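# Working through the structure, step by step
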Amino acid sequence: MADVSVFGRVAVLFGGSSAERAVSLKSGAAVLAALQAAGVDAYGIDAGAQLAEQLLNERPDRVFIALHGRGGEDGSLQGLLESLRIPYTGSGVMASAIGMDKLRTKQIWQSLGLPTPAYAMLRDGEQCAEIVERLGTPLIIKPLHEGSSIGMAKADSLQQLQDAWQGAQSYDSEALVEQWIQGAEFTVAVLDGQALPPIRLRTPHTFYDYEAKYQANDTQYLCPCGLPPEQEAQLKALSLRAFEAVGCKGWGRVDVMQDEQGNFYLLEVNTVPGMTDHSLVPMAAKATGLSFGDLVLAILAGTLN
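The structure displayed is predicted, hence computed values, not measured ones. (Residues numbered from 1 in each chain as written. Predicted model: local features only at pLDDT ≥ 70, side-chain atom pairs only at ≥ 80, totals over all residues. Heavy atoms only, no water.)

The next thing to look at is unusual backbone geometry. Of note, the amide linkage connecting T137 to P138 takes the cis form, showing an omega dihedral of 0°. Relative to the assigned elements, P138 resides in the loop between α6 (128-135) and β5 (139-143). Positive phi is not limited to glycine here, since R59 has a value of about 45°. By secondary structure assignment, the location of R59 is in the loop between α2 (51-58) and β3 (62-65). (Helix = DSSP H or I, 4+ residues; strand = E, 2+ residues; numbered from the N terminus.)

See the structure below:
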């Protein structure tokens, strides 16, 4: 896009108070720098308690959301911006709220016959034994409303599940427990209705956890992902269906496992994925010839519709 003046004054929202604040600060700084380098009249806001008042006073023409987790990715910020009639990047209120809720996302996928691991809800430590009996082990436990793998843990036994539940409770009063899928992990970025080249994730960690995502230097990102063309096309089509089923739009990312028999399982959808130097959407975009700056402008262009 040659004429960036059409965007007007753009506020980049980042930081916030969620457990993903540190990642959001990095995402926001990268997005803001790219917009300014492209000539966009952009400025940053570290979203705090006075955000609504600040937006009312400053009245930006549009907002680039780089807030991860609760308060930025869960529909509440989107609702505020809708009320203020300020265009913003990414998915709307409903899709953002559903995408942040791992249970509701899975229920929608299941209702459409889309593959996702067997699961149980955990709200009380007394349920652990029944869950192990029903789902077997190993299992993975996930706080219901967190992202960036925060609070997640693998459990190979009842005792480990009980311990993991104690840890997860510091982030959420509910947790999702899923059957462990042994195999390859992929992520598929979506931009303007198109699935970008899938990335295969390899880590020596037990799974692709917070440290592997943001701190480790031994995580491998394979793009091309190494799947045969037919399987790669299947993965992209499944990810697009999963994205659209939740009602997402603009941009985002779908995480998928493939078991040792070659079957794909949907894990979750991310409506405001990371935009840091370790992030996956910029990596996938680069594989199609889009620079980071091009990607940021493409995402922002979605606010013009």
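Another aspect to go through is the pairing of strand β2 (residues 41-46). Bridging between strand β1 (residues 9-14) and β2 involves six bridges; their strand directions are parallel. If you follow R9 over to β2, its bridge partner there is D41. Between β1 and its parallel partner β2, the chain crosses via helix α1 (residues 21-37), and the hand of that crossover is right-handed. (Pairing = 2+ DSSP bridges. Right-handed = clockwise from strand over helix to strand, strands pointing away.)

On to the sheet that holds strand β7 (residues 175-179), then. On the basis of which strands lie adjacent, the open sheet formed by four strands has the order β4-β7-β5-β6 and antiparallel pairing. Only two strands of the sheet have a single neighbouring strand rather than two, namely β4 (119-122) and β6 (153-155). Between one strand and the next, the sheet's axes are offset by a mean angle of 25°, whatever the strand orientation. The pairing of β5 with β7 spans five bridges and is classified as antiparallel. Bridge pairing links L139 to Q179 in β7. Here helix α5 (residues 102-111) sits on the sheet and contacts β4, β5 and β7; the angle it forms with β4, its principal contact strand, is near 150°. Docked against the sheet, helix α7 (residues 158-168) engages β4, β5, β6 and β7, running at close to 15° with respect to β5. (Axes fitted to C-alpha atoms, helices over the stretch in contact; angles between N-to-C directions. Contact = heavy atoms within 4.5 Å.)

Another aspect to go through is the pattern of salt bridges. Scanning all chains against the criterion turns up nine salt bridges. One salt bridge in this structure joins D101 and R104, with 3.6 Å as the shortest N-O distance. Residue classification places R104 among the partly exposed residues on the basis of a relative accessible area of 41%. Between E178 and K142 there is a salt bridge, and its shortest N-O distance comes to 2.8 Å. Taken together, the residues E178 in strand β7 and K142 in strand β5 connect sequence positions 36 residues apart. According to the relative accessible area criterion, K142 is buried, its value standing at 3%. (Salt bridge = Lys/Arg side-chain N within 4 Å of Asp/Glu carboxyl O. Buried < 20%, exposed > 50% of the residue type's maximum accessible area, 1.4 Å probe, protein only.)

With that settled, consider the domain arrangement of the protein chain. Per the domain assignment, the segments making up the protein chain are domain 1 (5-89), domain 2 (99-115 + 182-271) and domain 3 (119-179). Just the C-alpha atoms count here: the centres of domain 1 and domain 2 sit 26 Å apart. Taken residue by residue, the interface counts seven residues in domain 1 and six residues in domain 2. Taking both sides of the interface into account, the surface hidden between domain 1 and domain 2 amounts to around 620 Å²; carbon and sulfur atoms contribute 64%. The tally of links between domain 1 and domain 2 comes to zero salt bridges. Where domain 1 touches domain 2, the interface holds one residue pair in polar contact (both at pLDDT 80 or more). (Domains from an automatic or database assignment. Buried area = accessible area lost by both parts, 1.4 Å probe. Polar contact = N/O pair within 3.5 Å; in protein donor to acceptor, adjacent residues only side chain to side chain.)

Looking now at the packing of helix α4 (residues 93-100) against α5. Taken N-terminus to C-terminus, the directions of α4 and α5 make an angle of 105°; their axes are 5 Å apart at the nearest point. By the criterion of interaxial angle, the relationship of α4 to α5 is roughly perpendicular. Here α4 contributes I98, G99 and M100 to the contact with α5, which in turn contributes K102, R104, T105 and I108. Residue composition of the contact of α4 with α5, by class: three nonpolar, two polar and two charged. (Parallel < 35°, antiparallel > 145°, perpendicular 65-115°, else oblique. Nonpolar A, V, L, I, M, F, W, Y, C, P; charged D, E, K, R; others polar.)

Here R202 lies in strand β10 (residues 199-202). Sequence separation of R202 and Y221 is 19 residues, and the distance between their C-alpha atoms is 6.5 Å. With sequence-adjacent residues up to four places away left out, R202 is seen in contact with D218, T219, Q220 and L222.

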